[in-house]
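Chain by chain, the residues:
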Amino acid sequence: MSLLRSAARGGVALGASQTFATALGWVRTLVLARLLVPEDFGLVGLCTVLLGFLGALSDMGLTAATIQRKELTDGHRDAAFWMSASMGAVLFLASVAAAPALAAFYGEPRVVSLVAVSALPLLVGPFASTHAALLRRDLRFGRVAAIEAGRNVAASAVTLALAALGVGYWSLVIGPLASHLVAVVAYTLSSSFRPRFRATWTHARELFSFSAYVAGASAINYLSANMDYMIVGKRLGTAALGTYTFAYETMTFPLTRIASLFSQVMFPAFATIQDKLDEMRETYLKISRAVAIVSFPILAWVAVVAPELVILLYGPRWLPAVGPLRALSVAGALKAVGTLVGIIFKSRGKPAVELYWNIAWLIGLTTALSIGVRWGAFGVAVSISILCVPGTLFTEWLACRYIEMKLSRLLGVLVVPTVAVAVATAAGALARFELAALLPAGVVGDVARLVGLTLIMLLVYVATLRVIHPPITAEVRAFLGYFRRDKKAPAKAAEKTEAPVEEVVTKEAH
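Keep in mind that this is a model prediction, so the values were computed, not measured.

Asker: Residue-level account of the overall build of the protein, with values.
Answerer: If you tally the helices and strands in the protein, you get 22 helices and 0 strands. Counting all 510 residues of the protein, 53% fall into the buried class. Intrachain contacts of the protein at a sequence separation of at least 6 include 84% that bridge at least 24 residues. Entry remark: accessible area of the protein is about 22,200 Å², with carbon and sulfur atoms responsible for 69%.

Asker: A description of the environment of Ala101 should follow, citing residues and the corresponding values.
Answerer: Topologically, Ala101 is positioned in helix H4 (residues 74-106). Through-space distance from the C-alpha of Ala101 to that of Val112 is 8.7 Å; in sequence the pair is 11 residues apart.

Asker: Quick rundown of the side chain of Thr66? Include the residues and the values.
Answerer: Here Thr66 is to be found in helix H3 (residues 62-68). With relative accessibility at 2%, the residue Thr66 sits in the buried group. In terms of polar contacts, Thr66 uses its side chain to reach the backbone carbonyl oxygen of Leu62, at 2.7 Å. Not counting chain neighbours up to four residues away, the residues in contact with Thr66 comprise Leu72, Ala80, Ala133, Leu134 and Arg137.

Asker: Describe in detail a nonpolar patch on the surface, supporting the description with residues and values.
Answerer: Taken together, the side chains of Val415, Val419, Val423, Val467 and Ile468 make up a nonpolar region of the molecular surface, amounting to roughly 400 Å² of accessible area. Of all elements in the fold, only helix H19 (407-438) and helix H20 (443-468) reach the threshold of two or more residues within the nonpolar patch. When residues of the nonpolar patch are assigned to their parent elements, the largest contribution, 3 residues, is made by H19.

Asker: Please set out the packing of aromatic side chains residue by residue, giving values where relevant.
Answerer: A complete count under the given rule lists 14 aromatic pairs for this structure. The interplanar angle of 80° and the centroid separation of 5.8 Å between the aromatic rings of Phe41 and Trp318 together place this pair among those described as edge-to-face. In this pair, Phe41 is assigned in helix H2 (residues 38-58) and Trp318 in the loop between helix H13 (277-314) and helix H14 (322-327), connecting sequence segments 277 residues apart. With relative accessibility at 0%, the residue Trp318 sits in the buried group. An aromatic cluster is present here, built from Phe81, Trp82, Phe127, Phe193 and Phe197 joined pairwise through their rings. The ring of Phe105 has Lys234 lying over it, and the distance from NZ or CZ to the ring centre is 4.6 Å.

Asker: Explain the pattern of salt bridges to me, and be specific about the residues and the numbers.
Answerer: The final tally for this structure, using the stated rule, is 11 salt bridges. The salt bridge involving Asp278 is made with Arg281; its shortest N-O contact spans 2.1 Å. Of the two residues, Asp278 and Arg281 both sit in helix H13, 3 residues apart, roughly one turn of that helix. Given the relative accessible area of 12%, Arg281 is considered buried.

Asker: Can you break down the packing of H13 against H19 residue by residue, with the values?
Answerer: The geometry of H13 relative to H19 is characterised by a closest axis approach of 9 Å and an angle of 15° between their N-to-C directions. The orientation of H13 with respect to H19, classified from their angle, is roughly parallel. Between H13 and H19 the crossing geometry is right-handed. A per-class count over the contact of H13 with H19 returns 17 nonpolar, 5 polar and 6 charged.

Asker: Residue-level account of helix H18 (residues 376-402), with values.
Answerer: With 27 residues, H18 ought to run about 39 Å at 1.5 Å a step, and its terminal C-alpha atoms sit 39 Å apart, in line with that. Looking one or two places after H18, you find Glu404, whose phi comes out positive at around 55°.

Asker: I'd like a rundown of H2, residues and numbers included.
Answerer: Taking 1.5 Å of rise per residue, 21 residues should cover 30 Å, and H2 covers 30 Å from first to last C-alpha, within 8% of that figure. At Thr48, H2 shows its strongest bend, of approximately 40°. Backbone geometry just downstream of H2 places Met60 in the positive-phi region, at approximately 60°.

Asker: Give me the environment of Trp301: which residues, what numbers.
Answerer: Structurally, the position occupied by Trp301 is in helix H13. Among the residues examined, Trp301 registers a relative accessible area of 25% and is labelled partly exposed. Taking the C-alpha atoms as reference points, Trp301 and Ala424, 123 residues apart in sequence, are found 8.7 Å from one another. The residues touching Trp301, leaving out its near neighbours within four places in the chain, are Leu309, Leu450, Thr454 and Met457. In terms of polar contacts, Trp301 uses its side chain to reach the side chain of Thr454, at 2.8 Å.

Procedures and definitions
Residues numbered from 1 in each chain as written. Predicted model: local features only at pLDDT ≥ 70, side-chain atom pairs only at ≥ 80, totals over all residues. Heavy atoms only, no water. Helix = DSSP H or I, 4+ residues; strand = E, 2+ residues; numbered from the N terminus. Buried < 20%, exposed > 50% of the residue type's maximum accessible area, 1.4 Å probe, protein only. Contact = heavy atoms within 4.5 Å. Areas by Shrake-Rupley, 256 points an atom, 1.4 Å probe, with all protein chains shown as cover. Polar contact = N/O pair within 3.5 Å; in protein donor to acceptor, adjacent residues only side chain to side chain. Patch = residues over 30% accessible without salt bridge, like charges linked within 9 Å, V, L, I, M, F, W, Y side chains within 5 Å. Salt bridge = Lys/Arg side-chain N within 4 Å of Asp/Glu carboxyl O. Phe/Tyr/Trp six-rings, centres within 6.5 Å; stacked < 30°, edge-to-face > 60°. Lys NZ or Arg CZ within 6 Å of the ring centre and 35° of its normal. Axes fitted to C-alpha atoms, helices over the stretch in contact; angles between N-to-C directions. Parallel < 35°, antiparallel > 145°, perpendicular 65-115°, else oblique. Left-handed = near helix turned anticlockwise from the far one by under 90°. Nonpolar A, V, L, I, M, F, W, Y, C, P; charged D, E, K, R; others polar. Expected span 1.5 Å × (residues − 1). Bend = angle between axes of the 7 residues up to and from the residue.

This is the structure:
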């Protein structure tokens, strides 16, 4: 069984879990948008950067180190567990100590108590991290998917119940805590690992020599991803931050629900073949094209129908999010593909490269955001999208170097979805002007425009794909075939039917 087929089978379960989480998340957002006000989201957003940064450090990169290491002993497992738990406790105390300074920075005294409660997952979460890493290492994604679905249900139920009871922004921080508590119990019961005291300094040092770079890269990456929140919250206020956060989270849907799914599945799979560059190259090309084919049109669609989407789903008071949402669509498309480079750096044992690049990116991003904020939230969104163009090209070039592949080969597989989505976007923009004159204002007109634009963009996108690249149908079928269960026919027969299709994909990738 090929690497892609093996990983895809595990990814089906995670994909189903994430689809469920996405649907649940949309429902939760729809309800919360009517129960809470933008200031509630903005207030919690003031705590997000600090706690997210510390959260990235709490794992210490030990999950990646546990998965990537070729030989893993009981001592390594114990070392990973106790190091994670100790770091979580330290970071929880550090966040509580830093809360007054953060409140003074934003001029918002409520931040002190919010940070104290929001930091509790730092204390609780590490008790499940090693168990979860071991399940992923063994490619037991079905069990992982079930647990993740359960924790999402718990978070949504608690958040919505508290919001309905009128506790306001507190519902947004207590819900995630419930999720972590459920995860600790579920992951502990699902893994045979039980922490003891078999670790030595040698075990800890062997893990830390890899994980330190991963932790640093994750922390810097999180800080970069939330630097815009800090600048918007500081310069424009909590209401503007709530609107911008709403736009950003909508934009990152393909990134968090599609690209991250491939990253979760493929990193453990790539770690098992980290020395087989031919297989890594072909698999990386197929994954990159698959992510582009799915995520590019979603982001283009969101940009075109943003006004109707925001009004119908969230209400008129969220209309200020339309501008930033559209401006961020370019960044979302680039990030959806660019986020996959991490599996190359880590699986090839090069976490230091990712760390150094993330530091450089943080410096460039901070500069760009400081300029863009002069034009409000929209200016911040535009500055991010502009900077993502050279940034994504550079990181993809680095990743290609470590699997001994030319960047032009990767760009070649992205040309087709890029051209197709450009044509579909142009068709949607033109249709928008026509429908604006034909359809009445109000809810009926908004619904009609949303449906009409969706159908037009979908049809144009699919038609363009087939016209400019006729083999796309066979390639999509071949890729989807990795997710189907094997029939009881002999394995050789299945290989014979698949070989010609895979050969076509490989040649087209060049």
